[in-house]
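One letter stands for each residue in the lines below.
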Amino acid sequence: MRGLFVTGTDTGVGKTIVSASLLAAMAAAGERVRAYKPVITGLEDRAEIAARGEWPPDHELLAVAAGMDPEKVAPLRYGPAVAPHLAAQLAGKRIDPARLLAGAGSDEDASTLIVEGVGGLLTPLTEDYTVCDLAVALGLPVLIAARPGLGTINHTLLTLRVAREAGLDVRTVVLTPWPEMPATLQRSNRATIARLGEVRVHTLSPVPSPHTTALARAGAQLLQALRGRPGGAFT
């Protein structure tokens, strides 16, 4: 299986925009791509809907970027804005880890797969199965999306520690949205995460709209940076 697992330091840190931008950039270059976000919550939460504005729900944005059916991107969809294991409980169901793995496809698939996790690595998908467990089972290299501002050093280093202790191959951290004129704090955060985390740190500029052209434009530069180093960011 060729692809990348995109996780984050928290919810709302830009995982979906990073994932969609990479997908759109690859698709624009003529590559076959697939998107997979196994679980999505908050689809019926008024605050979540208001916060999105013109932006569609995550699975719909990923679907547009990858040219897919939204329901195939996210097979498990819940209304409340809560952790996946609780969302399933409220719906009278239980998430099956085997089903999550099966949804990612097989090694024979020739397309590049971008898997977006839910929340952070320790977010529970079931009572005893986390996003980290799913990432380990999939065996894909990992990209960590993080905010560029205050607090990101601690959150990012903690995420790196969890990932590495689990044996995950973290290829890069991406700070987003990265301003055209970053402040001293943001530049320092980037350098500090790179130094203390011993990890490459890239950036993604603000994406002005959910249209594929805007996503591809933002993602092209990041994609080039990720693939330009020895070994690249994708398997």
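Model, not experiment: these values are computed from the prediction.

## Considering the overall build of the chain
In step 1: Within the chain one finds 10 helices and 10 strands.
In step 2: Against the globule reference of 18 Å for 235 residues, the chain gives a C-alpha radius of gyration of 17 Å, in line with a compact fold.
In step 3: With the C-alpha coordinates of the chain rotated into their principal frame, the extents come out at 50 × 40 × 35 Å.
In step 4: Here the chain holds 235 residues, and the buried ones make up 50% of them.
In step 5: For the chain, the share of sequence-separated contacts (at least 6 apart) that also reach a separation of at least 24 residues comes to 79%.

## Quick word on the nonpolar core
In globular proteins that are soluble, nonpolar side chains generally tend to be buried together.
In step 1: With 35 residues, the main nonpolar core has F5, V39, L100, L125 and V173 as its most contacted residues.
In step 2: Looking at this core, the elements with two or more residues in it are α5 (84-90), β5 (112-120), α7 (131-138), β8 (142-146), α8 (152-165) and β9 (170-175).
In step 3: When residues of this core are assigned to their parent elements, the largest contribution, 5 residues, is made by α7.

## What about helix α3 (residues 58-66)?
In step 1: Listing the buried residues of α3 in full gives H59, L61, L62, A63, A65 and A66.
In step 2: Where α3 terminates, the next one or two residues include G67, which has phi positive at roughly 70°.

## Brief notes about the packing of helix α1 (residues 15-28) against helix α10 (residues 212-227)
In step 1: Where α1 contacts α10, the two axes come as close as 6 Å, and the packing angle between them is 90°. If you check the angle between α1 and α10, you find them roughly perpendicular. Counting all contacts with α1, which are made through V18, A20, S21, L22, A24, A25, M26 and A28, the residues of α10 involved are T212, L215, A216, A218, G219, A220, L222, L223, L226 and R227.
In step 2: The residue inventory of the contact of α1 with α10, partitioned by class, reads 14 nonpolar, 3 polar and 1 charged.

## Quick look at the pattern of salt bridges
In step 1: Considering all chains together, one arrives at 5 salt bridges under this definition.
In step 2: The salt bridge involving K37 is made with E116; its shortest N-O contact spans 2.6 Å. Of this pair, K37 sits in the loop between β2 (33-36) and β3 (39-40) while E116 sits in strand β5, and the two are 79 residues apart along the sequence.
In step 3: Assessed through its relative accessible area of 5%, K37 is described here as buried.

## Structural notes on the environment of I40
In step 1: Looking at the secondary structure, you find I40 in strand β3.
In step 2: The class for I40 is buried, based on a relative accessible area of 3%.
In step 3: Between the C-alpha atoms of I40 and G119, which are 79 residues apart in sequence, the distance is 9.8 Å.
In step 4: The residues contacting I40, other than those within four sequence positions of it, are D58, H59, A74, L76, R77 and Y78.

## A short note on the packing of aromatic side chains
In step 1: Taken as a whole and judged by the stated rule, the model has 0 aromatic pairs.
In step 2: The ring centre of W178 lies 5.9 Å from the NZ or CZ of R190, which sits over that ring.

The rules behind each value
Residues numbered from 1 in each chain as written. Predicted model: local features only at pLDDT ≥ 70, side-chain atom pairs only at ≥ 80, totals over all residues. Heavy atoms only, no water. Helix = DSSP H or I, 4+ residues; strand = E, 2+ residues; numbered from the N terminus. Rg over C-alpha atoms; globule rule 2.2 N^0.38 Å. Buried < 20%, exposed > 50% of the residue type's maximum accessible area, 1.4 Å probe, protein only. Contact = heavy atoms within 4.5 Å. Core = buried A, V, L, I, M, F, W, Y, C linked by side-chain atoms within 4.5 Å. Axes fitted to C-alpha atoms, helices over the stretch in contact; angles between N-to-C directions. Parallel < 35°, antiparallel > 145°, perpendicular 65-115°, else oblique. Nonpolar A, V, L, I, M, F, W, Y, C, P; charged D, E, K, R; others polar. Salt bridge = Lys/Arg side-chain N within 4 Å of Asp/Glu carboxyl O. Phe/Tyr/Trp six-rings, centres within 6.5 Å; stacked < 30°, edge-to-face > 60°. Lys NZ or Arg CZ within 6 Å of the ring centre and 35° of its normal.

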